[in-house]
Amino acid sequence: MPSLPPALSASSSGSPSDASITPAALLRASPLSALEARILLTHVLGWRPTQLITRADEALDAASVERYRALEARRVAGEPVAQLVGAREFFGLDFEVTPHVLIPRPETELLVETALTALEGLSRPRVLDLGTGTGAIAVAIASMRPDAQVHALDRSTDALAVATRNAARLLDAKRPGGAVLLSQSDWYATLDAALRFDVIVSNPPYIASGDPHLSEGDLRFEPRGALTDEADGLSAIRAIIAGAPARLAANGVLWIEHGYDQAEAVRALLIAQGFAQVRSERDLAGIERISGGQFPG
Ligand code: GLN
């Protein structure tokens, strides 16, 4: 069979050994969305997104083409993009992500914003993040409030290792509030009983055990313990609310992220526990995504 003219072979994105494959050809042939294909390709090439345009017609080396195709195939098989590239942006910061932690979600930025509002007017505020995972919430708050003293807990030592690296890489080592204090704890279990916090935040596992979402999309590849309480979806939230009054400073506040249909139940739990000014906030999709209140005292 006669060999194809160069123009045709470049656009056919044929075998991995084809030295004339270009970024443009790989992106054109990709079964992924344009955005996901670009994220994977910039990751493999170590390029900035704009370089996919300015260098679109450069021939790529065979090893890069092969690495890109391997990631593309894994994405087609369902693996989350954040795990394939090992990172996800949250609150303007680039967090390391592994299969041991929940991938930071945009809606969780609402929890950070609400916590920051609660911290206004306080100097050297004390903050506790329960079930920190990547450390996204704790590190985002610490980065916006360099004077805050931030504690972050997780039951998973694998998650704590990721959070420790994220905090070390993303925060100023000389921030006045000091390093984020990370420790292993099942909710409040091993937390020093003398500590008091102005703000407690958490994005706990809130998906009910039988929820079909657990077997769909990215969730299939995330740690099950970060997603579901293996019960009705409210058991972690109950534990967090029940333990909060003993850990909050006078007039301290608690804010918790929850599922799209849990706001009313979480508000009822907060009120039953004696919280005041109980309310929910809506995310960008208009869903009541977080609920919180202040503990009088
Ligand atoms: N927000 C996640 C989801 O529904 C769930 C995270 C959680 O349980 N905290 O995809």
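Residues numbered from 1 in each chain as written. Predicted model: local features only at pLDDT ≥ 70, side-chain atom pairs only at ≥ 80, totals over all residues. Heavy atoms only, no water.

## Focus on the overall build of the protein chain
Where we set the bar: Each helix is a run of DSSP H or I of at least 4 residues and each strand a run of E of at least 2, with the numbering of both proceeding from the N terminus. Per-residue accessibility, obtained with a 1.4 Å probe over protein chains only, is compared with the maximum for each type, and a residue is labelled buried under 20%, exposed over 50%, and partly exposed between these values. Here, residues are in contact when the closest pair of their heavy atoms is within 4.5 Å. Counted as positive: Lys and Arg. Counted as negative: Asp and Glu. His and the chain ends are not counted at all. In this description, the location of a charge corresponds to atom NZ of lysine, CZ of arginine, CG of aspartate or CD of glutamate.
Helix and strand content of the protein chain: twelve helices and nine strands. Reported as C-alpha extents along the three principal axes, the dimensions of the protein chain are approximately 85 × 45 × 35 Å. Burial analysis of the protein chain (297 residues in total) assigns 49% to the buried set. Pairs at least 24 residues apart make up 65% of the contacts formed inside the protein chain by residues separated by at least 6 positions. For the protein chain, the distance from the average position of its 27 positive side-chain charges to the average position of its 36 negative side-chain charges is 3 Å.

## Section: the pairing of strand β6 (residues 197-202)
Keep this limit in mind: Pairing between strands requires that DSSP locate at least two bridges from one strand to the other.
Most of β6 is tucked away: six of the six residues are buried. Two elements, β6 and strand β7 (residues 248-257), share five bridges in a ladder whose sense is parallel. Bridge pairing in β7 links V199 to V253.

## A word on helix α3 (residues 34-45)
Residue pairs spaced three or four apart in an α-helix point in one direction, given the helix's 3.6 residues per turn. The criterion, for reference: Take the number of residues in a helix, subtract one, and multiply by 1.5 Å to get its expected span.
With twelve residues, α3 extends 16 Å from end C-alpha to end C-alpha; this agrees with the ideal 16 Å at 1.5 Å per step. Looking at the packing, one finds that the buried side of α3 touches α2 (23-29), α4 (51-54), α5 (62-76) and α6 (81-85). Looking at the residues trailing α3, positive phi occurs at G46, about 70°.

## Here's the deal with the sheet that holds strand β8 (residues 276-282)
Operational definition: Orientation is described by axes fitted as lines to C-alpha atoms, over the contacting stretch for helices, and by angles from 0 to 180 degrees between their N-to-C directions.
Strand order in the open sheet made by the seven strands is β5-β4-β3-β6-β7-β9-β8, with mixed pairing throughout. The open sheet has two free edges, formed respectively by β5 (181-184) and β8, since each of these has just one partner strand. Looking at each pair of strands side by side, their axes are set apart by 15° on average, direction ignored. Sheet analysis places strand β3 (residues 126-130) next to β6, joined by four bridges and oriented parallel. For D129, the partnering residue across the bridge sits in β6 and is V201.

Keep in mind these numbers describe shape, not what the thing actually does.
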